[in-house]
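Letter by letter, the chains look like this.
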Amino acid sequence: MKIFCLILLMMCSSSKAGHALDSEQQRGKALLETLCGRCHAVSATGRSPHVDAPPFRTFGDDKLYDNDFGQRLQDGLTTIHPDMPAFRFSRTDAEAAVNYLKSLQAHKRPK
Ligand code: HEC
């Protein structure tokens, strides 16, 4: 377990050095932290404050990462879960947010 944590830590620190977020991704992250951070874990580590809310890094490449996801951010996320307050992203904000979310999955992907 200790070894595993160490490897994970090394992966995180090296990926931070290697793939610094670009300015759009940083904006996306800031947005998500403001809007979603009180329930979801937004960054590469940490737990979601809301027990049922999945950390953003765990979304993976499933259905949420099709092109509709950005559109859903613009339409309001109530389409995803009724308990969630409705957020409406502008197109550029949605793009920045999705861009950040993708970058977050990339270095966490198994395989
Ligand atoms: C008030 C708390 C709260 C806030 C704020 C919140 N969420 Fe959620 N979100 C949840 C909960 C709880 C779930 C889990 C719902 C479930 O599993 O049924 C969830 C699930 C999700 C899912 C997964 C849905 C799925 O199909 O599995 C996505 C994507 C998501 N949230 C995105 C966001 C984004 C993006 C924001 C900010 C714009 C946000 N959430 C803000 C509580 C919140």
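Values in this document were obtained by computation on a predicted structure and should not be read as measured data.

### A look at the overall build of the protein
Moving on, step 1. Looking only at helices and strands, the protein features 4 helices and 0 strands.
Moving on, step 2. For the protein, the α and β elements follow one another from N to C terminus as α-α-α-α.
Moving on, step 3. The burial tally for the protein puts 18% of its 111 residues in the buried class.
Moving on, step 4. Considering only contacts within the protein whose residues lie at least 6 apart along the sequence, 51% involve residues at least 24 apart.

### With respect to helix H2 (residues 23–36)
Moving on, step 1. Here H2 is 14 residues long and its end C-alpha atoms lie 19 Å apart, about the 20 Å a rise of 1.5 Å per residue gives.
Moving on, step 2. All of the buried residues along H2 are Gln25, Gly28, Lys29, Leu31, Leu32 and Cys36. Projected onto a plane normal to the axis of H2, the buried residues spread over an arc of 165 degrees and lie on a single side. H2 presents Ser23 and Thr34 as exposed residues on the side facing more than 90 degrees away from its buried surface.

### Some details on the nonpolar core
Moving on, step 1. Ranked by size, the top nonpolar core spans 14 residues in total, and within it Leu32, Phe56, Ala94, Ala97, Tyr100 and Leu101 carry the most contacts.
Moving on, step 2. Top contributing element to this core by residue count: helix H4 (residues 91–106), with 7 residues.
Moving on, step 3. Residues contacting Tyr100, with those up to four places away along its chain left out, are Leu21, Gln25, Gly28, Lys29 and Leu32.

### Considering the environment of Cys39
Moving on, step 1. Tracing the chain through its elements places Cys39 in the loop between H2 and helix H3 (68–75).
Moving on, step 2. The partly exposed category is assigned to Cys39, around which 17 C-beta atoms lie within 10 Å.
Moving on, step 3. In this structure the C-alpha to C-alpha distance between Cys39 and Val51, which are 12 residues apart in sequence, comes to 7.9 Å.
Moving on, step 4. When residues no more than four places from it in sequence are discounted, the contact partners of Cys39 are Ser48, Pro49, His50 and Ala53.

### Thoughts on the environment of Pro55
Moving on, step 1. Mapped onto the elements of the fold, Pro55 is located in the loop between H2 and H3.
Moving on, step 2. The class for Pro55 is partly exposed, based on 17 C-beta atoms found within 10 Å.
Moving on, step 3. With 15 residues separating them along the chain, Pro55 and His40 place their C-alpha atoms 5.3 Å apart.

### What about the environment of His40?
Moving on, step 1. Mapped onto the fold, His40 is located in the loop between H2 and H3.
Moving on, step 2. C-beta crowding within 10 Å serves as the criterion here: with 22 such atoms nearby, His40 is assigned to the buried category.
Moving on, step 3. Between the alpha carbons of His40 and Arg57 there is a distance of 9.7 Å; along the sequence they are 17 residues apart.
Moving on, step 4. Every residue in contact with His40, bar those within four places of it in the chain, is listed here: Ser48, Ala53, Pro55 and Phe56.

### Details of the confidence of the model for the protein
Moving on, step 1. Averaged over all residues, the pLDDT of the protein is 76; the fraction at 70 or higher stands at 67%.
Moving on, step 2. Mean pLDDT in the protein bottoms out at helix H1 (residues 2–18), which sits at 49, and peaks at H2, which reaches 93.

About the criteria used
Residues numbered from 1 in each chain as written. Predicted model: local features only at pLDDT ≥ 70, side-chain atom pairs only at ≥ 80, totals over all residues. Helix = DSSP H or I, 4+ residues; strand = E, 2+ residues; numbered from the N terminus. Buried ≥ 20, exposed ≤ 12 C-beta atoms within 10 Å, placed from the backbone. Contact = placed C-beta atoms within 7 Å. Expected span 1.5 Å × (residues − 1). Arc of directions from axis to C-beta. Core = buried A, V, L, I, M, F, W, Y, C linked by C-beta atoms within 7 Å. pLDDT = per-residue confidence, 0-100.

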